[in-house]
Amino acid sequence: MSKPLAIIPTYVRESRDVTMFTKTLTSMRATAGDDCDIIVVDDGSPAPDLIKALGLACEEHGAEFIDKGRNEGFAITVNVGMRRALNEGRDAILVNSDVEFGLTKDWVGLMQRQTNSDGEGKAAVVGALLLYDNGLIQHAGVYFSFLTRDFSHRFQYGPGNLAEAQHACVCPVTGALQFIRHSCLEEVGLYDESFKLGWEDVDYCCRVWLSGRECVYQPGIRAVHHESFFRGRADARIKEWTEFSWRRFCGKYANISFAEFVPNMLA
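Basis of the calculations
Position labels on residues start from 1 in each chain and follow its written sequence. At least 70 in pLDDT is required for a residue's local features to be given in this predicted model, at least 80 for side-chain atom pairs to be given and counted, and no such filter applies to totals for whole chains, interfaces and linings, which use all residues. Just so you know, side-chain values use all the structure's heavy atoms and leave hydrogens and water out. A run of H or I in DSSP counts as a helix once it spans at least four residues, and a run of E counts as a strand once it spans at least two, with each numbered from the N terminus. For the exposure calls, accessible area comes from a 1.4 Å probe over protein chains only, and a residue counts as buried if that area is under 20% of its type's maximum, exposed if over 50%, partly exposed in between. Whether two residues are in contact is decided by their heavy atoms: any pair within 4.5 Å suffices. Note on pairing: two strands pair once DSSP finds at least 2 bridges between them.

(A) The environment of Ile 39, seen in detail. Inspection of the secondary structure assignment puts Ile 39 in strand 2 (residues 37–42). Judged by relative accessible area, Ile 39 falls into the buried class, the value being 0%. Between the C-alpha atoms of Ile 39 and Phe 195, which are 156 residues apart in sequence, the distance is 22 Å. Contacts of Ile 39, omitting those with residues within four sequence positions, involve Leu 5, Ala 6, Ile 7, Ile 8, Glu 64, Ile 66, Gly 81 and Arg 84.

(B) Structural view of the pairing of strand 9 (residues 150–153). Burial along strand 9 is one-sided: Phe 151 and His 153 are buried, while Asp 150 and Ser 152, pointing the other way, are not. Where strand 8 (residues 142–145) lies against strand 9, four bridges are found, and the strand directions are antiparallel. Directly across from Ser 145, in strand 9, lies its bridge partner Asp 150. Here strand 8 folds back onto strand 9 in antiparallel fashion, the turn holding four residues, of which Arg 149 has a positive phi close to 60°.

(C) Inspection of the pairing of strand 4 (residues 92–95) at higher detail. Burial of the side chains of strand 4 extends over both faces: Ala 92 and Leu 94 are buried on one face and Ile 93 and Val 95 on the other. Pairing geometry for strand 1 (residues 5–10) and strand 4, over three bridges, is parallel. Paired with Leu 5 across the strands is Ala 92, a residue of strand 4. Bridge count for strand 4 against strand 11 (residues 177–180) is four bridges, and the pairing is antiparallel.

(D) Main features of the side chain of Gln 114. Take Gln 114: it is sitting in the loop between helix 4 (107–113) and strand 6 (125–131). What Gln 114 contacts, discounting residues up to four positions off in sequence, is Lys 122, Ala 123, Val 126, Arg 181, Val 216 and Gln 218.

(E) Spatial organisation of the environment of Leu 56. In this fold, Leu 56 is placed in helix 2 (residues 48–60). Residues Leu 56 and Ile 256, spaced 200 residues apart in sequence, show a C-alpha to C-alpha distance of 46 Å.

As structure tokens, this is what we get:
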């Protein structure tokens, strides 16, 4: 079996961004070793010296580096690697450049071995329990709210050992750390490049669900996600792209019911 291809999209504006990215690479190698190959795709970072620093970090950790040259958004950027995985017969693993590993050693193998909810066959997409650096939950799968009419992270800001978050379940999972099986790439395809920034990962999970396949949240796989380390800074373009992507998502699924992903109410 070919090694999975881990795909890390980058967009750096400050030296601390490169430092965070290097933590991601270092922790990946420390926990996964050579269980996966790594490709880093830069989405048109504006500073040549920082792009050079990214390339040097990749060289040090045995990762391939691609300077895409243009800032085109998350979906187009990760598709550079996903297309490679598809063409080479590999599983793909999307990894944000602000994810830090170390809580689970065999996370690549666990993702590859994850079964469907009935124990028959392998899950098409697998997500992880992601924690903030203070130990609180950042992501434990994704749910749909009838109240706000959008998707949010399950149990966000709850304690990392919250009992309800320790059970695997079928639901959308974030693209911050998302395993996609090769057979799913073949049948469902790549990310929808009409999305600019945001919701493209939920969109992909919805496409997987509508194809009759499963996305499985697996809490046995854990990592720290320094959420919005990059995206959280004030930027008019980020705001514009995120709003555009949400409008795109709403238009695409205007006639689809997401009741399956609404949490059960306790009596």
